[in-house]
Amino acid sequence: MHYDVAVVGAGPAGCMAARELASRGFKVLLLDKEGLPREKACMGLLSPEGRRLLEEGFGPLPAECLLEPAEALGVKVLSEGGGEYLLPFSGEGLWVRRASLDAFLARSGGAEVWDGCRVTEVTAGRFYARVRFLRGEEEGEAEATYLVGADGAESLVSKTVRPELYRLHTLPALERTVLVLSEGEADWDPRWLGLAVLARGERLGRFFVRAGTVGMAISWGQERHWQGELEALREFLSRRIGLALRGESVRMVSVSNRMARSGRFNLGAGSALLAGEAAGFLDPWGFGIRLALESGKLAGECIAESAGENVTPHLHYLRRAQPMLEMWAAGGRKRSAGRVGELDLSPWAGEKGRTARRDLRSLRRRLSR
Ligand SMILES: Cc1cc2nc3c(=O)[nH]c(=O)nc-3n(C[C@H](O)[C@H](O)[C@H](O)COP(=O)(O)OP(=O)(O)OC[C@H]3O[C@@H](n4cnc5c(N)ncnc54)[C@H](O)[C@@H]3O)c2cc1C
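We now turn to the structure provided with this report. (Residues numbered from 1 in each chain as written. Predicted model: local features only at pLDDT ≥ 70, side-chain atom pairs only at ≥ 80, totals over all residues. Heavy atoms only, no water.)

## Things to note about the packing of helix α7 (residues 289-306) against helix α8 (residues 313-320)
Reasoning step 1: For the pair α7 and α8, interaxial distance at closest approach is 8 Å and the crossing angle is 135°. With respect to α8, the axis of α7 lies oblique. Classified by chirality, the crossing of α8 by α7 is right-handed. Contact residues: α7 offers Ser-295, Leu-298, Ala-299, Glu-301, Cys-302, Ile-303, Glu-305 and Ser-306, while α8 offers Pro-313, His-316, Tyr-317, Arg-319 and Arg-320. (Axes fitted to C-alpha atoms, helices over the stretch in contact; angles between N-to-C directions. Helix = DSSP H or I, 4+ residues; strand = E, 2+ residues; numbered from the N terminus. Parallel < 35°, antiparallel > 145°, perpendicular 65-115°, else oblique. Left-handed = near helix turned anticlockwise from the far one by under 90°. Contact = heavy atoms within 4.5 Å.)

Now the structure itself:
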């Protein structure tokens, strides 16, 4: 079976690339290893720019894709020293349900969708790609002129088309994150995502509290155990916002690609482009949906630009992704006074107190590492 484009991964990056291409008349195959809808460890905070991209591409989101309340205001930081800072979005964000959202995006983008289909091998040449996959017990393969690798942090496509970049930059930057969902309550406005800055910025914990559910996410390296990190966050939140957990909890472990923190990206090669976390697009706070959408759209546009030419889309992508890369490169982040990603740090930076300045310094240090 031959397609114009095979897209591996039906997260926001893959769905956006597929939609961009299918809407221009390309014959697109979108593959995902999971059956849709699939769960994804995610807090579900969509920034204003992410919301704009989604609504522009797919129209207003159906109610089943939104959490209640859906309005998202930004991030509220609690620091160990007693500080409390609001980092508002410049526009209106949304709280989304990832499983429903991603399934909606996959089904309404105009591509042929094969879910429950794990890609096991990729061959990518000049204007040629072949993917081999396993669907249940059955093996199969599909061919395409172009390939988009949107298969997340541990991308097989990235490993295959740019093994050197994967080894040198992605592998050392992979970080494990655990998200624990429990029944519980706290004194917290559900429109804000919480960020706890612990151990002088050495540890960050993200959390939300909504309609009797508490979500807590922590990342950890090899030297620490997630149980200890999580317990420290839980204990801190019970002191600061009266967090009380009860009943069972559900745990999801995920891997994030943090290579963008050091200003590195992997855009693919030739006719195989990478988008979303596969390319390293994850902002320093750990927000990735907006960047996945933006890079997926751009990858789709660059393939469309390349069609009929003898120039591979990677060259278009390198050129057109430049502003995005510069914005996220470590140096660029340091220069962006008052703003990191879509969050406005200026209210905090303007605080005169010694504690506030120390808290901000430790957070900046942590984010640029
Ligand atoms: C705990 C946690 C909380 C987060 N919270 C937020 C948040 O609140 N807001 C935010 O913006 N971001 C958040 N993020 C980050 C965000 O979830 C990701 O950056 C985003 O999902 C990346 O999108 P993507 O399309 O690149 O990849 P993904 O969403 O990871 O999608 C990749 C897809 O590829 C599929 N796949 C992988 N390998 C194969 C294969 N071999 N064959 C076929 N299919 C394959 C997977 O099944 C998956 O569906 C969070 C991340 C974590 C871990």
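## Concerning helix α12 (residues 354-367)
Reasoning step 1: Counted at 1.5 Å a residue, the expected span for α12 with its 14 residues is 20 Å, and the 20 Å between its end C-alpha atoms agrees.
Reasoning step 2: When we look at burial in α12, the residues that qualify are Ala-356, Asp-359, Leu-360, Ser-362, Leu-363, Arg-366 and Leu-367. All buried residues of α12 fall inside an arc of 165° around its axis, so they share one side. Residues of α12 that are exposed and point over 90 degrees away from its buried face: Arg-354 and Arg-361. (Expected span 1.5 Å × (residues − 1). Buried < 20%, exposed > 50% of the residue type's maximum accessible area, 1.4 Å probe, protein only. Arc of directions from axis to C-beta.)

## Looking at the packing of helix α1 (residues 12-22) against α7
Reasoning step 1: Where α1 meets α7, the axes come as close as 7 Å, and the angle between the chain directions of the two elements is 30°. Judged by the sense of rotation from one axis to the other, the crossing of α1 with α7 is right-handed. Here Pro-12, Ala-13, Met-16, Ala-17, Glu-20 and Leu-21 of α1 come into contact with α7, specifically with Ile-289, Ala-292, Leu-293, Gly-296, Lys-297, Gly-300, Glu-301, Ile-303 and Ala-304.
Reasoning step 2: Among the residues forming the contact of α1 with α7, the class breakdown is ten nonpolar, two polar and three charged. (Nonpolar A, V, L, I, M, F, W, Y, C, P; charged D, E, K, R; others polar.)

## Some details on a positive patch on the surface
Reasoning step 1: Together, Arg-200, Lys-352, Arg-354, Arg-357, Arg-361 and Arg-365 make up a positively charged patch on the protein surface.
Reasoning step 2: Here Arg-357 shows up in helix α12.
Reasoning step 3: By relative accessible area, Arg-357 is classed as partly exposed at 44%. (Patch = residues over 30% accessible without salt bridge, like charges linked within 9 Å, V, L, I, M, F, W, Y side chains within 5 Å. Areas by Shrake-Rupley, 256 points an atom, 1.4 Å probe, with all protein chains shown as cover. Salt bridge = Lys/Arg side-chain N within 4 Å of Asp/Glu carboxyl O. Lys, Arg positive; Asp, Glu negative; His and termini not counted. Charge placed at Lys NZ, Arg CZ, Asp CG, Glu CD.)

## A few points about a nonpolar patch on the surface
Reasoning step 1: Together, Val-311, Leu-315 and Leu-318 give the surface a local cluster of nonpolar side chains, amounting to about 230 Å² of exposed area.
Reasoning step 2: Here Val-311 shows up in the loop between α7 and α8.
Reasoning step 3: Note on Val-311: relative accessible area 34%, which makes it partly exposed.

## Focus on the packing of aromatic side chains
Reasoning step 1: Under the defined criterion, the tally for this structure stands at eight aromatic pairs.
Reasoning step 2: Taking 5.9 Å as the distance between ring centres and 85° as the angle between the ring planes, the aromatic pair formed by Phe-127 and Tyr-146 counts as edge-to-face. Of this pair, Phe-127 sits in the loop between β7 (118-125) and β8 (128-135) while Tyr-146 sits in strand β9 (residues 138-149), and the two are 19 residues apart along the sequence.
Reasoning step 3: On the basis of relative accessibility, which here comes to 5%, the residue Tyr-146 falls in the buried class.
Reasoning step 4: Cluster of aromatic residues (ring-pair linked, three or more members): Tyr-3, Trp-114 and Phe-133.
Reasoning step 5: Against the face of Tyr-3 rests Lys-27, its NZ or CZ located 4.9 Å from the ring centre.
Reasoning step 6: Its end group placed over the ring of Trp-188, Lys-76 keeps NZ or CZ at 5.0 Å from the ring centre. (Phe/Tyr/Trp six-rings, centres within 6.5 Å; stacked < 30°, edge-to-face > 60°. Lys NZ or Arg CZ within 6 Å of the ring centre and 35° of its normal.)

## So, the layout of surface pockets
Any empty space left between the atoms is revealed when a probe the size of a water molecule rolls over them.
Reasoning step 1: Approximately 1,200 Å³ is the volume attributed to the largest pocket.
Reasoning step 2: Along the wall of the largest pocket there are 48 residues; nearest its centre are Lys-40, Asp-151, Gly-152, Ala-153 and Ser-254.
Reasoning step 3: At the level of elements, α1, β7, β10 (174-185), β14 (244-257) and α7 are the ones that each hand at least two residues to the lining of the largest pocket.
Reasoning step 4: A per-element tally of the lining of the largest pocket places β14 first, with five residues.
Reasoning step 5: Taken together, the residues of the lining of the largest pocket sort by class into 25 nonpolar, ten polar and 13 charged.
Reasoning step 6: The residues that make up the lining of the largest pocket include at least three from each of domain 1 (2-72 + 95-173 + 258-334) and domain 2 (174-257 + 337-367). (1 Å grid on protein atoms, 1.4 Å probe; cavity = no way out; pocket = protein on both sides within 12 Å on 5 of 7 lines; lining within 4 Å. Points joined across faces, edges and corners; volume = space filled by probe spheres on them. Domains from an automatic or database assignment.)

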